[in-house]
Amino acid sequence: HPPSTPMQGSTSLRWANCRAKGGAPGFKVAILGAAGGIGQPLALLMKMNPLVSVLHLYDVVNSPGVTADISHMDTGAVVRGFLGAPQLENALVGMDLVIIPAGVPRKPGMTRDDLFKINAGIVRTLCAGVAKCCPHAIVNLISNPVNSTVPIAAEVFKNAGIYDPKRLLGVTTLDVVRANTFVAEVLGIDPREVNVPVVGGHSGVTILPLLSQVKPPCSFTSEEIDYLTSRIQNGGTEVVEAKAGAGSATLSMAFAAAKFADACLRGLRGDAGIVECAFVASQVTELPFFASKVRLGRGGAEEIFPLGPLTEYERAGLDKAKEELAGSIEKGVYFIRKS
Ligand code: NAD
Ligand code: LMR
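Residues numbered from 1 in each chain as written. Chains lettered and ligands numbered in written order. Predicted model: local features only at pLDDT ≥ 70, side-chain atom pairs only at ≥ 80, totals over all residues.

Student: Could you give me a rundown of unusual backbone geometry, with the residues and numbers involved?
Tutor: For the peptide bond that leads from Asn144 to Pro145, omega is -5°, which places it in the cis range. A cis amide bond, omega 0°, links Lys215 with the succeeding residue Pro216. Among the structural elements, Pro216 can be located in the loop between strand S8 (207-209) and helix H8 (222-233). At Asn62, a residue that is not glycine, the phi angle is positive and equals roughly 60°. As for its placement among the helices and strands, Asn62 is situated in the loop between strand S2 (52-59) and helix H3 (63-71). In the Ramachandran plot, Ala244 falls in the positive-phi region, its phi being about 50° despite a non-glycine side chain. Within the element layout of this structure, Ala244 appears in the loop between helix H9 (235-243) and helix H10 (251-269). With 9 C-beta atoms counted inside 10 Å, the residue Ala244 sits in the exposed group. (Helix = DSSP H or I, 4+ residues; strand = E, 2+ residues; numbered from the N terminus. Buried ≥ 20, exposed ≤ 12 C-beta atoms within 10 Å, placed from the backbone.)

Here it is in structure tokens:
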């Protein structure tokens, strides 16, 4: 692959060359869908991340403007923009981490599964590009419905002969971020002190907060458990309704995606003890994919933790989650196998 020609507004070539000569400590990160509601604030946050040496911003529209804007930030990462399908490959060559928030968002009254028709094809195309140009990159998949798009990506990677389940991660961090916030509100403490494991998947009843495993240890009344479970499961819909047709969560999602990407980069660097929830290929249940706590390392999701002891309430939630998840996973797999 020839080196890409940065579009106008990208970081100056002189600084890019200077960083490259200095060994450019840090990682190369691409955002696919970088001009979108999530993509723009996520690009901002990744440009602020000192672990990022090179930031590629790809979209089918508006990436030149976003790139010009972000490239004026006086942080270290070299920024380059890429516009449209002919530039996808140059956006991807050499990347260590690819974050994918490309695709349409929900409007009020829609389920995440209603997005499948459009987003399945987008994810297929982008993942084929990843397989060809940066087959060893870690992939953070945000596009909905995550419960189906992750199986789609896995099938694309299998067909290309490069599938490593440890490197494909569906981003469910927003569920954890919401759970931490809502639990902290109930407990009257700082949300930064709270850690709620959220397992299962990323849609309705498949979002299963394990309130019996909250850190710091605490207890809830059954009314609080009902309230918190329902609020966490419907957090996305709460935002979709408040935005009233203007899209779904973008700012809190960009925050969550940046948090998760930073954890992946620290894992890649070799830091110890990096644990986050993510939707991954899994043997934690009988389903082929499941979200649970994973340990992030140089190879991606290097260890997947079991669910731990569940309450009766959580076991009933798990049964419901698994029933819906099974269909969503199958739908994603079938989308690729039939074509
Ligand atoms: P948006 O419409 O604001 O932005 C999407 C961007 O994707 C647009 O800029 C669009 O041009 C781009 N795009 C479309 N097709 C593309 C392609 N083939 N290649 C590259 N880019 C392409 O939407 P948004 O609010 O940013 O949401 C994006 C996706 O993220 C939606 O599917 C949404 O449901 C999902 N989402 C997931 C989570 C999660 O927790 N995993 C949270 C919020 C939103
Ligand atoms: C979310 O949880 O906010 C996202 O999945 C977007 C949505 O459609 O709810």
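From this point, the narrative continues.
Student: Explain the UniProt feature "active site" (unreviewed entry) in the protein chain to me, using residue names and the numbers behind them.
Tutor: The feature "active site" (unreviewed entry), as given by UniProt, occupies His202 in the numbering adopted here. Position of His202 relative to the elements: it lies in the loop between strand S7 (198-200) and S8. According to the C-beta neighbour criterion, His202 is buried, with 27 such atoms within 10 Å. The residues touching His202, leaving out its near neighbours within four places in the chain, are Val146, Asn147, Gly170, Thr172, Asp175, Ile207, Phe279 and Ala291. (UniProt positions renumbered as here; feature names shortened; annotations may be inferred. Contact = placed C-beta atoms within 7 Å.)

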